[in-house]
Amino acid sequence: MTVAEQAAIRCTGLRKSYGTAEVLKGLDLTVPAKSVFGLLGPNGAGKSTTMKLLTRQIAPTGGQAWVAGVPISGKSTDVRQRIGYLSEQPAFYLWMTGYEFLHFIGELFGLKPALLRQRCDELFSLVGLTGAEKKRIGAYSHGMRQRLGIAQALMNQPEVLFLDEPVSALDPLGRKEVLELLAQLKGHCTVFFSSHILADVDRVCDQVAVLHHGRLLAQASTQDLKEHYAQPVITIELETEANPLTDLLKLENYVQQINIQGNQASVLVTDLALAKQRLPALLVQSGLPLLRYEVALPTLEDVFVRLVHEEPAEAKQ
Amino acid sequence: MIMNFSPFWPMLKKELYEQYRTYRAFIAIVILLLLGVSAPIVTKLTPDLLQSLGNGITIVLPAQTANDALASYLKNMTQLPGLMLILLAMGCVAEERSRGTTITVLTKPVSRSVFVLAKFFAYAAVLLVSTALSAAAAYFYTTQLFSALPVTAFLLLNLALFIFFLLALAITILASVLLRNAVAAGGLAFAGFLALSILPGLNATTAQALPSILFGSERLPLLLAGTITPGEILWPLGAGLGLVVVLLLLTCLIFQYQEL
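Residues numbered from 1 in each chain as written. Chains lettered and ligands numbered in written order. Predicted model: local features only at pLDDT ≥ 70, side-chain atom pairs only at ≥ 80, totals over all residues.

K.L.:
Whenever I open this one, the overall build of chain B confuses me. Can you help?
P.N.:
Scanning chain B from N- to C-terminus turns up 12 helices and zero strands. Secondary structure of chain B in N-to-C order comes out as α-α-α-α-α-α-α-α-α-α-α-α. Here the C-alpha radius of gyration of chain B, 20 Å, is about what a compact globule of 260 residues would show, namely 18 Å. The principal-axis extent of the C-alpha atoms belonging to chain B is close to 70 × 40 × 30 Å. Residue burial in chain B is summarised as follows: out of 260 residues, 42% are buried. (Helix = DSSP H or I, 4+ residues; strand = E, 2+ residues; numbered from the N terminus. Rg over C-alpha atoms; globule rule 2.2 N^0.38 Å. Buried ≥ 20, exposed ≤ 12 C-beta atoms within 10 Å, placed from the backbone.)

Printed below as a string of structure tokens:
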């Protein structure tokens, strides 16, 4: 078995250009099977282009990619038989009922009638739409349509499920429901999920890749990324204005940057262990009226901001 | 590109169901049926209508015949149904692309050719039923009000009409693939339909290759009299069908290389 067959998705030097504009600049990516993988990046980073290439909506300008071991440009086997896809703005035939739509999708995959009925019932139950099967899709709410979109993407029990910004257009409750649904899929299939909402990715993904200006900036588990890229921040809140902290901390060699906002200071440190040892003592000695002292846990957002800001200027061109 | 035709039947079923649910099939059947019924009736009533509108002036018209009713039927059927077809089908691909349903369907194992062909055959099926009903009505009323028309000639003329509709349909679907906006696609299809209607009058060679030549003043009397040669019938019908196939192949090829 080759590496391409073992990985759920593998891209080598994948490129896409529109005229002279290169939107994907040689993407090398390996997505482990059965993982929930987040593709991160600001708008225009190349996330949707990557999704479109991997689901055969568009053809690459260069490079190659394999999905479930099948080359995306393969002539003998159609990768679409083995994947599920939900676009950023899922579109449906609004004159159909939810059941008619799922039934139609199942027929496209060639499912036999008995299996198809059973699969439709299972999916309506999984996405929490039981009872809405006979309602016209035109009368579905936004959240219901998103869940129906996930159901149609799961019809063929895909090996790889592609979800393009699946929660970005939903309200907080809808987002929570969809993320919980994605968490349920963990271990059943590989979920390849693009988003610019970092908290959501942090919540459900095992691994992430950060894309910017069509290039891969980093790929690792969320934990590894946080440990490697996020710098620790200590938050200090006083009863009075926090300006005296600038003078107090400016000579400490482990302090890289201090940001003051009213009675609160965010202290970016280079050596967390040393800071934890010396900073509390320093604050006590100063006699400043302390309200809160907190070592902030690094978030994926910290990592993302740092990666995107550190990207070399030549890479942006 | 893989040409897997197994999703063709579910796609065709969906297209037919869509035509039923969105009243497209109903509109096509009613319009064509009305045209079929009205041609012989209006032909029969025309002398009386003109007489009543003449304000005392005596208008003498030759007695209307079954051939006049047939000419009226053919004239009706080569004008309004083409425009109706353009309005019904101009968004069949363009609208799906702008709404995004093409992405939903074409990320499943459905080839783009199947996507286009299912649409063509669904509209063709509705046109076949509509044309058959219209022809049956026209034949019935013509026989009742005038005299019986020669059956073979009448069937051949309706076959030619059906192929003429298929040409208009193929042009409309091609326009709908070429342009993302349904209205613009309708405009382009209308220009194509005009060319289809006008070109035979401008160029004799082009006229030979289109089924509409059978409706013209030269061949229609020969066809009705049964003195036309088989070649004069088969060539325009065969060439018309060939043109439909060429247009469909071109449409599939263009759609194959388009981004969704």
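K.L.:
Is there a simple way to explain the overall build of chain A in this structure?
P.N.:
A tally of helices and strands in chain A yields 11 helices and 14 strands. The burial tally for chain A puts 42% of its 317 residues in the buried class.

K.L.:
So what exactly am I meant to see when it comes to the sheet that holds strand β4 (residues 62-67) of chain A here?
P.N.:
Working definition: the strands of a sheet are paired by backbone hydrogen bonds and lie parallel or antiparallel to each other. The strand order β2-β1-β4-β5 (chain A) describes an open sheet built from four strands, whose pairing is antiparallel. Edge positions in the open sheet fall to β2 (21-31) and β5 (70-71) of chain A, since each of these has one partner strand only. (Pairing = 2+ DSSP bridges.)

K.L.:
I tried to follow the interface of chain B and chain A on my own but got confused; where do I start?
P.N.:
Put simply, an interface is often sized by how much accessible area is lost when its parts join up. With 20 residues of chain B at the contact, the number on the chain A side is 21 residues. Of all the elements in the fold, those that place two or more residues in the side of chain B that touches chain A are α1 (8-21) and α6 (101-106) of chain B. In terms of residue count, α1(B) provides more of the side of chain B that touches chain A than any other element does, four residues in total. For the side of chain B that touches chain A, the per-class residue count stands at seven nonpolar, seven polar and six charged. (Contact = placed C-beta atoms within 7 Å. Nonpolar A, V, L, I, M, F, W, Y, C, P; charged D, E, K, R; others polar.)

K.L.:
Is there a simple way to explain the pairing of strand β11 (residues 233-238) of chain A in this structure?
P.N.:
Strand residues, when the strand is regular, have side chains that alternate between the two faces of the sheet. Residue and element names in this part refer to chain A. Where β11 lies against strand β13 (residues 264-269), five bridges are found, and the strand directions are antiparallel. Bridge pairing in β13 links Val-233 to Leu-268. Where β11 and strand β14 (residues 290-296) come together, six bridges link them in antiparallel fashion. Among the inter-strand pairings, Thr-235 is bridged to a residue of β14, identified as Glu-294.

K.L.:
Is there a simple way to explain the packing of helix α2 (residues 24-53) of chain B against helix α3 (residues 66-77) of chain B in this structure?
P.N.:
Each pair of packed helices can be summarised by the angle the axes make with each other and by the distance between the axes. Residues and elements named next belong to chain B. Contact geometry for α2 and α3: axes closest at 8 Å, N-to-C directions at 140°. Taken as axis vectors, α2 and α3 run oblique relative to one another. You can see that α2 and α3 cross each other, and the crossing is right-handed. For the pair α2 and α3, contact is made by Leu-35, Gly-36, Ala-39, Pro-40, Val-42 and Thr-43 and by Asp-68, Ala-69, Ser-72, Tyr-73, Asn-76 and Met-77, respectively. (Axes fitted to C-alpha atoms, helices over the stretch in contact; angles between N-to-C directions. Parallel < 35°, antiparallel > 145°, perpendicular 65-115°, else oblique. Left-handed = near helix turned anticlockwise from the far one by under 90°.)

K.L.:
Can you walk me through the domain arrangement of chain A in this structure?
P.N.:
Taken domain by domain, chain A comprises domain 1 (3-228) and domain 2 (231-297). Look at where the C-alpha atoms of domain 1 of chain A and domain 2 of chain A centre, and you get two points 43 Å apart. (Domains from an automatic or database assignment.)

K.L.:
What's the story with the sheet that holds β13(A) in this structure? I'm lost.
P.N.:
All names here are of chain A. Within the open sheet, the four strands sit side by side as β12-β13-β11-β14. Their pairing is antiparallel. Whereas interior strands pair on both sides, the edge strands pair on one side only; in this sheet they are β12 (255-261) and β14. Shown here is a sheet whose adjacent strand axes are inclined to one another by a mean of 15°, direction ignored. Against the sheet, helix α10 (residues 272-286) contacts β11, β13 and β14, and its axis sits at roughly 180° relative to β14.

K.L.:
It is not clear to me how the nonpolar core should be interpreted in this structure. Could you clarify?
P.N.:
Side chains of nonpolar character tend, in soluble globular proteins, to be buried together. Membership of the largest hydrophobic core comes to 149 residues, with the highest contact counts inside it found for A:Val67 and B:Leu169. Take this core: its biggest share by element is 18 residues, from helix α8 (residues 151-178) of chain B. Excluding its chain neighbours within four sequence positions, the residues that come into contact with A:Val67 are A:Ile9, A:Leu54, A:Ile72, A:Val79, A:Ile83 and A:Val160. (Core = buried A, V, L, I, M, F, W, Y, C linked by C-beta atoms within 7 Å.)

K.L.:
Can you help me understand the confidence of the model for chain B in this one?
P.N.:
Low pLDDT marks regions whose predicted coordinates should not be analysed in detail. For chain B, per-residue confidence averages 90 on the pLDDT scale, and residues scoring 70 or more make up 97% of the total. This prediction of the complex comes with two scores: 0.84 for pTM and 0.88 for ipTM. (pLDDT = per-residue confidence, 0-100.)

K.L.:
Sorry if this is basic, but what is going on with the pairing of β13(A) here?
P.N.:
Residues and elements named next belong to chain A. Of the two faces of β13, only one is covered, namely that formed by Ala-265, Val-267 and Val-269; the face formed by Gln-264, Ser-266 and Leu-268 stays uncovered. Taken together, the six bridges between β12 and β13 define a ladder with antiparallel strand orientation. Residue Asn-259 lies in a different strand from β13, and its bridge partner there is Ser-266. The antiparallel hairpin formed by β12 and β13 contains two residues in its connecting segment, where Gly-262 sits at a positive phi of about 65°.

K.L.:
Explain the packing of helix α7 (residues 112-145) of chain B against helix α12 (residues 230-256) of chain B to me, please; I cannot follow it from the model alone.
P.N.:
Residue and element names in this part refer to chain B. Running from amino to carboxyl end, α7 crosses α12 at an angle of 140°, the nearest separation of the two axes being 9 Å. Classified by the angle their axes make, α7 and α12 are oblique. The handedness of the crossing between α7 and α12 is right-handed. Counted together, Arg-112, Ser-113, Val-116 and Phe-120 of α7 and Leu-248, Thr-251, Cys-252, Phe-255 and Gln-256 of α12 form the full contact between these two elements.

K.L.:
Would you mind going over the environment of A:Glu122 with me for this structure?
P.N.:
Among the structural elements, A:Glu122 can be located in helix α4 (residues 113-126). Taking the C-beta count within 10 Å as the criterion, A:Glu122 has 14 such neighbours and is therefore assigned partly exposed.

K.L.:
Any chance you could explain α3(B) here in plain terms?
P.N.:
Along an α-helix, a turn takes 3.6 residues, which lines up residues three or four apart on a common side. Residues and elements named next belong to chain B. With 12 residues, α3 should cover 16 Å at 1.5 Å per step; its first-to-last C-alpha distance of 16 Å lies within 8% of that length. Every buried residue of α3 is accounted for by Ala-66, Ala-69, Leu-70, Ser-72, Tyr-73, Leu-74 and Met-77. Next to the buried residues of α3 lie α2, α4 (80-89), α7 and α8. (Expected span 1.5 Å × (residues − 1).)

K.L.:
Explanation requested: the environment of A:Gly128 in the structure shown.
P.N.:
Mapped onto the fold, A:Gly128 is located in the loop between α4 and α5 (142-153). Residues A:Gly128 and A:Leu173, spaced 45 residues apart in sequence, show a C-alpha to C-alpha distance of 14 Å.

K.L.:
It is not clear to me how helix α2 (residues 47-54) of chain A should be interpreted in this structure. Could you clarify?
P.N.:
All names here are of chain A. Most of α2 sits inside the fold, with seven of its eight residues counted as buried. Listed in full, the buried residues belonging to α2 are Lys-47, Thr-49, Thr-50, Met-51, Lys-52, Leu-53 and Leu-54. Arg-56 sits one or two residues past α2 and shows a positive phi near 65°.

K.L.:
Looking at this structure, I do not really get unusual backbone geometry. What am I missing?
P.N.:
If a residue is not glycine, its phi is most likely negative; likewise, a peptide bond is most likely trans. Residue and element names in this part refer to chain A. The phi dihedral of Lys-34 falls on the positive side, at around 65°, and the residue is not glycine. Note that Lys-34 resides in the loop between β2 and β3 (36-40). C-beta crowding within 10 Å serves as the criterion here: with 15 such atoms nearby, Lys-34 is assigned to the partly exposed category. Phi is positive for Arg-56, close to 65°, though the residue is something other than glycine. Here Arg-56 lies in the loop between α2 and β4.

K.L.:
Which parts of the structure should I look at to understand the confidence of the model for chain A?
P.N.:
Overall, the predicted model of chain A reaches an average pLDDT of 87, with 94% of residues at or above 70. Ranking the elements of chain A by mean pLDDT puts helix α1 (residues 3-6) of chain A last, at 54, and helix α3 (residues 98-108) of chain A first, at 97.

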